[in-house]
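Close look at the chain arrangement
What follows is the residue order along each chain.
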Amino acid sequence: MRNLYLALDVETRDEAFHLLKRFSNRPAVKVGMELFYREGARFVEELVDEGYPVFLDVKVHDIPETARRTMRQIGKLGVAVTNVHTLGGEKMMRYALDGLRQENDTTRLIGVTQLTSTDERMMQTELGIAGRLDQAVLRQATLAKQAGLDGVVASVQEAKAIHQKLGDTFMTVTPGIRLGATEDDQVRIATPHEARLAGVHSIVVGRPITRAADPMAMYDQFMKEWGLMNETNR
């Protein structure tokens, strides 16, 4: 099912729930590293218990056995989606998936390809990855599928090629979603409408909603353009 994951870009549990009280529904939410490192597993369990579908965005990237053991712990939380970084390699991704499946068979595991703050110059000169950025993303997505993962995090610009090569059911989750031009640390951005046309399965939106004067109204605006205004997030 398609989702809009609301990124809880706040520092504390209390701030997160204060924000969520401004919504009339139970939106799907993304918990990133900042909030997870501050509030821990119990906060995530609280969200799950209260009916929020959770994308736990911690980008696990370590040696294979550590990735496996980490995913065993994440598997106990009951989140809808979590992730690893594909640059950890196929073995690490397989071990991570094995650890997750030791605890449950419902949490989807996806792989981060290239961050939406990365452009081609940075990838080539700073990260030392040769070739075009879209080619690198497709290689990493292919590796993720070979490892058995459910999908990848990628920008809208790469989603169409990923689906053409790896199939429409291979999940694409896309951050960097905006309603228009913006000045922040995201480079490869797109609108919800563009994401829908590219076949993206789920989008992630944070600051444009959470820092709006009326977050619920802005959320509705994104949902309308994303085409989910009349659907219920589960």
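Residues numbered from 1 in each chain as written. Predicted model: local features only at pLDDT ≥ 70, side-chain atom pairs only at ≥ 80, totals over all residues. Heavy atoms only, no water.

What counts, and what does not: UniProt positions are given in the numbering used here, feature names are shortened, and annotations may be inferred rather than shown by experiment.
Looking at an unreviewed UniProt entry, one finds the protein chain named Orotidine 5'-phosphate decarboxylase and attributed to Exiguobacterium profundum. Comment text from UniProt for the protein chain, heading Subunit (unreviewed entry), reads "Homodimer."

**Details of the pairing of strand β3 (residues 54-60)**
Going by this rule: Buried residues are those whose accessible area, probed at 1.4 Å on protein chains only, stays under 20% of the maximum for their type, while exposed residues exceed 50% and partly exposed ones sit between those limits. Helix and strand labels come from DSSP, where a helix needs a run of H or I of at least four residues and a strand needs a run of E of at least two; each type is numbered from the N terminus. When DSSP finds at least two bridges between two strands, those strands are taken to pair. For crossovers, right-handed means that the path from the first strand over the helix to the second runs clockwise, given strands pointing away from the viewer.
Burial runs high along β3: six of the seven residues are buried. Relative to β3, strand β2 (residues 29-31) is paired through three bridges, and the arrangement is parallel. Residue pairing in the sheet places Val31 in a bridge with Leu56 of β3. Bridge count for β3 against strand β4 (residues 81-85) is three bridges, and the pairing is parallel. Paired with Phe55 across the strands is Val81, a residue of β4. Where the polypeptide runs from β3 across helix α3 (residues 64-75) and back to β4, its parallel neighbour, the crossover connection is right-handed.

**Topic: the nonpolar core**
Which entries qualify depends on this criterion: We call a set of buried residues a nonpolar core when its members are Ala, Val, Leu, Ile, Met, Phe, Trp, Tyr or Cys and they connect through side-chain atoms within 4.5 Å of each other. Two residues form a contact once any of their heavy atoms are found within 4.5 Å.
Of all hydrophobic cores here, the largest spans 63 residues; its most connected members are Leu4, Leu8, Val31, Leu47, Leu56 and Val84. Setting aside residues up to four positions removed in sequence, Leu47 forms contacts with Leu8, Phe17, Leu20, Val29, Val31, Tyr52 and Val54. Core analysis: the second largest hydrophobic core is formed by 11 residues, Ala28, Val81, Met171 and Val173 among them.

**Overview of the pairing of β4**
For β4, the tally of buried residues reaches five of five residues, placing the bulk of the element in the interior. Across the two faces of β4 the burial is the same, with Val81, Asn83 and His85 and Thr82 and Val84 all buried. By the bridge criterion, five bridges tie β4 to strand β5 (residues 108-112) in an arrangement that is parallel. Its bridge partner lying in β5, Val81 is registered against Arg108. Tracing the backbone out of β4, into helix α4 (residues 90-103) and back to the parallel element β5 gives a crossover that is right-handed.

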